[in-house]
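Okay, here's what each chain looks like letter by letter:
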Amino acid sequence: MILHEGRTYVVTGADSGIGALTATTLRQHGARVIRCGLGPDVDVRADLGDDEGRDLLVAEVSRLAPGGIDGLALVAGLGTASTETVRVNYFGTLAVLAGLRASLRKKPAPRVVVVSSAASLSAGDDALISACLRGDEAAAIATAEQLLSSGRGGVLYRSSKIALNRWVRQSAAGEDWAGTGVVLNVVAPGIVETDTAREALRTSTTQDSTGTATQDTSQTMAQERVLSTALPQPLGFPGPVQAVADAISWMVSEENSFMAGQIVFVDGGADATLRSDKPYADGVRYGPVATSRMLFWALKARMGPWRRS
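These numbers were taken from a predicted model, which means no experiment stands behind them. (Residues numbered from 1 in each chain as written. Predicted model: local features only at pLDDT ≥ 70, side-chain atom pairs only at ≥ 80, totals over all residues. Heavy atoms only, no water.)

Trainee: Looking at this model, I keep getting lost on the sheet that holds strand β7 (residues 263–266). Mind explaining?
Mentor: Each strand in a sheet pairs with another by means of backbone hydrogen bonds, the pair being arranged parallel or else antiparallel. On the basis of which strands lie adjacent, the open sheet formed by seven strands has the order β3-β2-β1-β4-β5-β6-β7 and parallel pairing. Every interior strand has two partners, whereas the edge strands, β3 (44–45) and β7, have only one. With four bridges joining them, strand β1 (residues 8–12) and strand β4 (residues 71–74) adopt parallel strand pairing. Looking at β4, one finds that Y9 is bridged to G71. Each of β4, β5 (111–115) and β6 (183–189) touches helix α3 (residues 83–99); the most contacted strand, β4, lies at about 175° to it. Here helix α10 (residues 241–251) sits on the sheet and contacts β4, β5, β6 and β7; the angle it forms with β6, its principal contact strand, is near 175°. (Pairing = 2+ DSSP bridges. Helix = DSSP H or I, 4+ residues; strand = E, 2+ residues; numbered from the N terminus. Contact = heavy atoms within 4.5 Å. Axes fitted to C-alpha atoms, helices over the stretch in contact; angles between N-to-C directions.)

The following block contains the structure:
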């Protein structure tokens, strides 16, 4: 059986880069793909920067797939130093996810992949991230405008991706997602051969004294060195887009049945290089309630057979 045969997927950002190649890869493996984006060759044209565009995408997908969708690859994103980056990357992504949740639940093995970025390994702006996680778009945009006016526009992209990572970690194992059988995970690509990825990481790491990303062609080599230092990729710089598309393809497949809330860095080794074993150095520390429950059930287990009341 072809990996995706008989399954219907929605891919946002399907008119370029990772999204376009993901849509092509899924189709090559037997899927029906509803391609969403802003270009002329997509199935649904919608701008995720505002409520009208978000609602339009959800309505059109629901019309095109009344029986539901098997998977959703949320690839659409911006890397510019603008408030639109926050609107699209975080609020647009989550609005589409929420709007299509009912469509996902119509299918027996629904899968969702949110595309983040290895830029999220760097520190973001706490106020912006907090506003995103509260779901307060007005406050997030106000904070983004302050960051732009103070010359810190380069932090917007990675802050929006950090917020996405944290939202998925907080939500994926909950009743609305894993509790209803919807498998939700993140792919965080490194710098790959797409204009969006290069621009996003360039504006995140290379700014002049006014906070504007430097664009002089004579500085290209120096910028590449900055990027490769900020995000070292032992397996190659920049990386292949197909590797990211293949990871997304498997993660939205029915085969991915037992992984929830994971941030999978497809980054040529950047995460391992920069963080080594730090995320795993300390074990989980259980609170008093969990500890008491485990002790209670451990005693029950030692006492032998018991009946449920």
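Additional details are given in the paragraphs that follow.
Trainee: How do you make sense of the side chain of H4 when you look at a structure like this?
Mentor: Within the secondary structure layout, H4 lies in the segment before β1. On the accessibility criterion, H4 (0% relative accessible area) is buried. Not counting chain neighbours up to four residues away, the residues in contact with H4 comprise Y9, L26, H29, G30, A31, S249, V252 and S253. (Buried < 20%, exposed > 50% of the residue type's maximum accessible area, 1.4 Å probe, protein only.)

Trainee: What is the right way to read the environment of N185 from this model?
Mentor: One can find N185 in strand β6. When its relative accessible area of 1% is taken as the criterion, N185 is described as buried. Those residues in contact with N185 that sit more than four places away from it in its chain are V112, V113, V114, V168, M251, N256, M259, A260, G261 and Q262. Of the polar contacts made by the side chain of N185, one reaches the backbone nitrogen of G261; its length is 3.0 Å. (Polar contact = N/O pair within 3.5 Å; in protein donor to acceptor, adjacent residues only side chain to side chain.)

Trainee: Hey, could you run me through a negative patch on the surface in this one?
Mentor: Negative charge collects at one region of the surface, where D47, D50, E52 and D55 lie side by side. Assignment of secondary structure puts D55 in helix α2 (residues 51–64). The class of D55 is exposed, set by a relative accessible area of 55%. (Patch = residues over 30% accessible without salt bridge, like charges linked within 9 Å, V, L, I, M, F, W, Y side chains within 5 Å. Areas by Shrake-Rupley, 256 points an atom, 1.4 Å probe, with all protein chains shown as cover. Salt bridge = Lys/Arg side-chain N within 4 Å of Asp/Glu carboxyl O. Lys, Arg positive; Asp, Glu negative; His and termini not counted. Charge placed at Lys NZ, Arg CZ, Asp CG, Glu CD.)

Trainee: Help me out: how do you make sense of the side chain of T83 in this one?
Mentor: Following the sequence through the fold, T83 ends up in helix α3. Apart from residues no more than four positions distant in its own chain, T83 is found in contact with I141, A144, E145, L148 and L156.

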